[in-house]
Amino acid sequence: MARQIKHRQLPSGVSRWFLRAPIWIFRLGLGGLLGKRFLLLNHIGRKSGLLRQAVLEVVIHEKDSNTYYVNAGFGPKTQWLQNLRAHPNVSIQVGWRKWDVRAEVLSPQQSGEVFRRFAEGNKLAATYAKALGFEVDGSLDDYYQMGTMMIFVALRPR
């Protein structure tokens, strides 16, 4: 059964700068170089009301509905997640394309299903799990259990 082995700390200092560096790739008009694995999330600050940006890794892209699923890897204290809860109508850029979406924070059960689907099609799921601070046995049920302890967000076109 999946179990969390450590608590992830929010990035600060150099690590925060390093994680935010890909924003400049998008700002320079070069987002297409990152392909479809990353997206730029343009969101509104819940306190300031100002435009904020974050580059997120795409966990799953449903082509038929054009829905993107992303993970709040630092849990409920993740700033962009808190902003999406306050202002769910946002925009994203994937590659060279930009459009408006509505963010939906998924339930633990829905999150479990998303991570199970991710694990089915991805041989590196165990590495991803370990990087997020989880220990898994490799079964799809274990990935589902892990997913229920994580926060996933669906970004659906509006």
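Because the structure is a prediction, the values reported are computed rather than measured. (Residues numbered from 1 in each chain as written. Predicted model: local features only at pLDDT ≥ 70, side-chain atom pairs only at ≥ 80, totals over all residues. Heavy atoms only, no water.)

1. Notes on the environment of Tyr128
Topologically, Tyr128 is positioned in helix α5 (residues 125-131). In this structure Tyr128 touches Glu57, Val59, Asn71, Phe115, Phe118 and Met150, once residues within four positions along its chain are discounted. (Helix = DSSP H or I, 4+ residues; strand = E, 2+ residues; numbered from the N terminus. Contact = heavy atoms within 4.5 Å.)

2. Side note on a nonpolar patch on the surface
Together, Trp24, Leu28, Leu30, Leu33 and Trp96 make up a nonpolar patch on the protein surface, roughly 630 Å² of accessible area in all. Here Leu28 is to be found in the loop between α2 (22-27) and β2 (38-44). (Patch = residues over 30% accessible without salt bridge, like charges linked within 9 Å, V, L, I, M, F, W, Y side chains within 5 Å. Areas by Shrake-Rupley, 256 points an atom, 1.4 Å probe, with all protein chains shown as cover. Salt bridge = Lys/Arg side-chain N within 4 Å of Asp/Glu carboxyl O.)

3. Structural notes on helix α3 (residues 79-86)
Restricting attention to buried positions, one finds in α3 the residues Trp80, Leu81, Asn83 and Leu84. Looking straight down α3, one finds that the buried residues subtend no more than 160° of arc, so they occupy a single side. Those residues of α3 that are buried are in contact with β2, β3 (51-62), β4 (67-71), β5 (89-94), β6 (97-105) and β8 (152-157). (Buried < 20%, exposed > 50% of the residue type's maximum accessible area, 1.4 Å probe, protein only. Arc of directions from axis to C-beta.)

4. Some thoughts on unusual backbone geometry
Phi at Asn66 is positive, roughly 55°, even though this residue is not glycine. Considering the arrangement of structural elements, one finds Asn66 in the loop between β3 and β4. Here Asn66 falls in the buried class, since its relative accessible area comes to 14%.

5. Some words on the sheet that holds β8
Ordered by their spatial adjacency, six strands build a closed barrel running β2-β3-β4-β8-β6-β5, and the pairing between neighbours is antiparallel. With direction set aside, neighbouring strand axes in the sheet form an average angle of 45°. Judged from the seven bridges that link them, β2 and β3 form a sheet pairing that is antiparallel. Bridge assignment links Phe38 to a residue of β3, and that residue is Glu57. Against the sheet, α3 makes contact with β2, β3, β4, β5, β6 and β8, and its axis sits at roughly 55° relative to β2, the strand it touches most. (Pairing = 2+ DSSP bridges. Axes fitted to C-alpha atoms, helices over the stretch in contact; angles between N-to-C directions.)

6. Examining the pairing of β5
Most of β5 is tucked away, with five of its six residues classed as buried. One ladder, built from four bridges, connects β2 with β5; its direction is antiparallel. When the sheet's bridge partners are listed, Asn42 is paired in β5 with Ser91. When β5 meets β6, the two strands line up antiparallel, connected through six bridges. Across the sheet, residue Val94 finds its bridge partner in β6, namely Arg97. Here β5 folds back onto β6, and the loop between the two strands holds two residues, one of which, Gly95, carries a positive phi near 65°.

7. Structural notes on the packing of aromatic side chains
This structure, assessed with the given rule, holds four aromatic pairs. Members of the aromatic cluster, connected to one another through ring pairs, are Phe115, Phe118, Tyr143 and Phe152. The positively charged end of Arg27 is found above the aromatic ring belonging to Trp24, 4.7 Å away from the centroid. Just above the ring of Trp99 sits the side chain of Arg97; from NZ or CZ to the centre is 4.0 Å. (Phe/Tyr/Trp six-rings, centres within 6.5 Å; stacked < 30°, edge-to-face > 60°. Lys NZ or Arg CZ within 6 Å of the ring centre and 35° of its normal.)

8. As for the nonpolar core
Of all hydrophobic cores here, the largest spans 20 residues; its most connected members are Leu39, Leu41, Tyr68, Trp80, Ile92, Val153 and Leu155. Of all the elements in the fold, those that place two or more residues in this core are β2, β3, β4, α3, β5, β6 and β8. Residues Leu106, Ala129, Phe152 and Ala154 belong to the second largest nonpolar core, which totals 18 residues. (Core = buried A, V, L, I, M, F, W, Y, C linked by side-chain atoms within 4.5 Å.)

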